[in-house]
Amino acid sequence: MNVVITGGNRGIGLALTKQYKARGAKVYATCRNSCDELNSAGVNIVSGVDVARPETLAEKLAPLMDVKIDLLINNAGVLGRESIDDWDPNTIDYQFRVNAMGPLLVSQSLLPALAEDAKIALISSRMGSMSDNGSGGYYGYRMSKAALNAAGVSMANDLRAKGIAVGIFHPGFVQTEMVNGAGDIDADTCAERLASRIDELTVDNSGRFIHSNGEELPW
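We now turn to the structure provided with this report. All figures in this text were calculated on a predicted structure; none of them were measured in a lab. (Residues numbered from 1 in each chain as written. Predicted model: local features only at pLDDT ≥ 70, side-chain atom pairs only at ≥ 80, totals over all residues. Heavy atoms only, no water.)

## Observations regarding the sheet that holds strand β6 (residues 165-170)
Thinking step 1. An order of β3-β2-β1-β4-β5-β6-β7 is seen for the seven strands of this open sheet, with the pairing classed as parallel. Each having just a single partner strand, β3 (44-46) and β7 (209-211) make up the two edges of the open sheet. If you compare each strand with its neighbour and ignore which way they point, the axes differ by 25° on average.
Thinking step 2. When β6 meets β7, the two strands line up parallel, connected through three bridges. Within the sheet, the bridge partner assigned to H170 lies in β7 and is H211.
Thinking step 3. Across the face of the sheet, helix α5 (residues 139-159) comes into contact with β5 (114-123), β6 and β7 while running at roughly 160° to β6. (Pairing = 2+ DSSP bridges. Helix = DSSP H or I, 4+ residues; strand = E, 2+ residues; numbered from the N terminus. Axes fitted to C-alpha atoms, helices over the stretch in contact; angles between N-to-C directions. Contact = heavy atoms within 4.5 Å.)

## Some thoughts on the packing of aromatic side chains
Thinking step 1. Under the criterion given, the structure shown has one aromatic pair.
Thinking step 2. Measuring from centroid to centroid gives 5.3 Å for F209 and W219, while their planes differ by 15°, and the two rings are stacked. Of this pair, F209 sits in strand β7 while W219 is found in the segment after β7, placing the two residues ten residues apart along the sequence.
Thinking step 3. Looking at F209, the relative accessible area reads 0%, which means it is buried. (Phe/Tyr/Trp six-rings, centres within 6.5 Å; stacked < 30°, edge-to-face > 60°. Buried < 20%, exposed > 50% of the residue type's maximum accessible area, 1.4 Å probe, protein only.)

## Points about the nonpolar core
Thinking step 1. Of all hydrophobic cores here, the largest spans 32 residues; its most connected members are L64, I69, L72, L110 and I120.
Thinking step 2. Listing elements by their share of this core, those giving two or more residues are β4 (69-74), α4 (89-110), β5, α5 and β6.
Thinking step 3. Beyond its immediate stretch of four places on either side in the chain, L72 contacts V4, V106, S107, L110, L114, K119, I120 and A121.
Thinking step 4. The next biggest cluster of nonpolar side chains, apart from the first, holds 28 residues, and it includes L14, L16, I123 and I198. (Core = buried A, V, L, I, M, F, W, Y, C linked by side-chain atoms within 4.5 Å.)

## Quick look at the pattern of salt bridges
Thinking step 1. This structure, assessed with the given rule, holds six salt bridges.
Thinking step 2. Across the salt bridge formed by K18 and E37, the nearest N and O atoms sit 2.2 Å from each other. Highlighted residues: K18 in helix α1 (residues 11-22) and E37 in helix α2 (residues 36-39), separated in sequence by 19 residues.
Thinking step 3. Assessed through its relative accessible area of 34%, K18 is described here as partly exposed.
Thinking step 4. With relative accessibility at 41%, the residue E37 sits in the partly exposed group.
Thinking step 5. A salt bridge links D93 to R97, with the shortest nitrogen-to-oxygen separation between them at 3.0 Å. Of the two residues, D93 and R97 both sit in helix α4, four residues apart, roughly one turn of that helix. (Salt bridge = Lys/Arg side-chain N within 4 Å of Asp/Glu carboxyl O.)

## Notes on helix α6 (residues 187-200)
An α-helical segment advances 3.6 residues per turn. Residues three or four places apart therefore align on the same side.
Thinking step 1. In this model, α6 (14 residues) spans 20 Å end to end at C-alpha, consistent with the 20 Å of a helix rising 1.5 Å per residue.
Thinking step 2. Within α6, the full set of buried residues consists of A187, C190, A191, L194, A195, R197 and I198. The arc enclosing the buried residues of α6, seen along the axis, measures out at 160°, which places them on a common side.
Thinking step 3. Looking at the buried residues of α6, the elements they touch are α1, β4, β5, β6 and β7. (Expected span 1.5 Å × (residues − 1). Arc of directions from axis to C-beta.)

Honestly, that's just the spatial picture; any functional story needs more than this.
The following block contains the structure:
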């Protein structure tokens, strides 16, 4: 099984990289810059991949075009903390490019390399849910994850005939650098849960918004 994971150098991406390596998969971890922990993980590393720079993706993802990809996990993401009276359009734009456009463009670029019956996993967030938003704020993150969810549903519809399933997953509140170590679960537990949800992903349940604990989330 060949697995490609974006943002594989830290947090959830690094934990997923280790999880699939332990399962016996051949893992390709993409990142802007690698780290010692990833270097020692025994996986294939594709560095220099910046999902916010679409003009470079074709060149940087070229090493993966000859891989028969069974699973593509679009994990790379960023978090901003804008409020109604403290915000910067540049940070909002950057979150859109990384969190929404990045996964779409990576998936489009690698589509020719996807195996029959491949799976695409989008690591989203329940903060992109309209129904679940009871606290406001986080404008760039909420908007970009809502956009990612919309892209995921379209991809699920467009790729169903090809036998490719698309899962949209909320990892949970995970103890990572992104949230300064706060969270309810550690990254390894999150990765184990996400791998289980991906195992359950088929074209029949493609395009749904699922918590890593198995709960289906509202839009």
